[in-house]
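# Results of the structural survey
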Amino acid sequence: MIQVHSPHFITAQTEQFTIDILGGVDIQQVDRMICTLRISYKDYPPMRSTLDLYNDNQTDKLIRTICDKWELQLLDVSKTVHTFITEIEKYKLERLKYPKQVAPEFELSEQQAKNARQFLKSKNLLSKLTKALNEIGILGEDENAIILFLSLCSHKFSNPFSVICLAKSGIGKSYLLQKLSECMPLNTYSFHTRISANSLYYFDNHQINNKALFIEDLEWTKQMLQPLSTLQTQGRLINTRATKNKDGMMHSTTFEVTGNLCLLACAYPDKNYESLPLPFLTVHLNHSHSQDLAIMDYQRKVCAGLINKEEIKHLQQLLKGVVASLEPIQVVNPFAPLIELPEDVAHPRKSLLLLLNFIEVITYFFQQQQRTEQVNEETGEVNVCLLYTSPSPRDRG
């Protein structure tokens, strides 16, 4: 009886009518079913009506209008319309049960997992990572690229790390985020050119929890930054607002979003981000003349076919495997009580938390370095100990 041409165009063929649903059925509103109908009968011009099929008054009015317009029996039309509503309701409930296909997870082959472990166990890990990022096209941003990549790796960590990149227009902020996203496994990030402040409250939990959130153009408003900061520090957003039910009565509706936020965003440096106590690290991208020359030289090589694109794809797959192979371990820093900040540091509380968080993220990334396991005989719990030392100047490249 129902033919679904697309989610936005559905046709129902009955004994008397052909009913087209223009715009589809909104499955998000469970307590109402507002549809735009185009009803055709024989060779007469079709009639169109927008109504809530769960509203008896509107449905009865539709039935009587059809009867008057085409001189049909009330009982026959009523039976046809209510049968149609039942079929549409079945379709809607089925869509609610299976709303969409789940994106496939990134699966490591045995060889990919082996290559990723060998990479993470490399003696000069940071220098190899810097070289790989350079070869995929991220040039002149070695330190920033390492910080951003470690931040991305922390999306599965219990305390993810977020970064805001500051640069003027035309520097390549979007290019940098695009290149980094190409190193992320499937279904581990979501990429947005821009998002509004209100949209944060309507994210599904699976869209941001333990995933990297890319924003090319971060909106500089209190309404945007405040919910992002709350989600970063508290792990959830709760918004309660007044809405109307189908009878027009006001009532309160609460929307809650939970998740560990790993944010990578870009913004213009004319806004004074660093003076605000935001729970994000801010980094300035390189906009020197030498950086312009290096980028233009790389662009010429790409156009001339001098860049091996297959090698780039191979490195991207390697880095995807590196990110996917990291285990969600717990990091304990026994040296944290020894850390002291200079007295002239702005926002010392925020700065200390960022520093401690970044130390944890570095340790999380170096989890395969000099790794030993200790078993607690009383609880049976396995503790992983990392004998990690600060990278030497040679390792930092």
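Only a predicted model underlies this, so the values are computations on that prediction, with no experimental measurement involved.

## Things to note about the confidence of the model for the protein chain
Here the protein chain shows a mean pLDDT of 86. Residues at 70 or above account for 89%. Per-residue pLDDT stays below 50 along residues 392-397; that stretch engages in eight contacts with residues further than four places along the chain or on separate chains.

## Topic: the sheet that holds strand β11 (residues 261-267)
Spatial strand order, β7-β8-β11-β6-β12: five strands in an open sheet with parallel pairing. Unpaired on one side and paired on the other, β7 (189-192) and β12 (281-284) mark the two borders of the sheet. Put simply, the sheet's adjacent strands are angled 15° from each other on average, direction ignored. Pairing of strand β6 (residues 163-166) with β11 involves four bridges; the strand directions are parallel. The residue of β11 that forms the bridge with I164 is A265.

## Some details on the packing of helix α4 (residues 125-135) against helix α10 (residues 309-325)
The interhelical angle for the contact between α4 and α10, taken along N-to-C directions, is 135°, at an axis separation of 9 Å. When the interaxial angle is binned, α4 and α10 end up oblique. Helix-helix and strand crossings are classified by hand; for α4 and α10 the assignment is left-handed. Where α4 approaches α10, its residues L129, A132, L133 and E135 are matched on the opposing element by E311, I312, L315 and L319. A class-by-class count of the residues in the contact of α4 with α10 yields six nonpolar, no polar and two charged.

The rules behind these values
Residues numbered from 1 in each chain as written. Predicted model: local features only at pLDDT ≥ 70, side-chain atom pairs only at ≥ 80, totals over all residues. Heavy atoms only, no water. pLDDT = per-residue confidence, 0-100. Contact = heavy atoms within 4.5 Å. Pairing = 2+ DSSP bridges. Helix = DSSP H or I, 4+ residues; strand = E, 2+ residues; numbered from the N terminus. Axes fitted to C-alpha atoms, helices over the stretch in contact; angles between N-to-C directions. Parallel < 35°, antiparallel > 145°, perpendicular 65-115°, else oblique. Left-handed = near helix turned anticlockwise from the far one by under 90°. Nonpolar A, V, L, I, M, F, W, Y, C, P; charged D, E, K, R; others polar.

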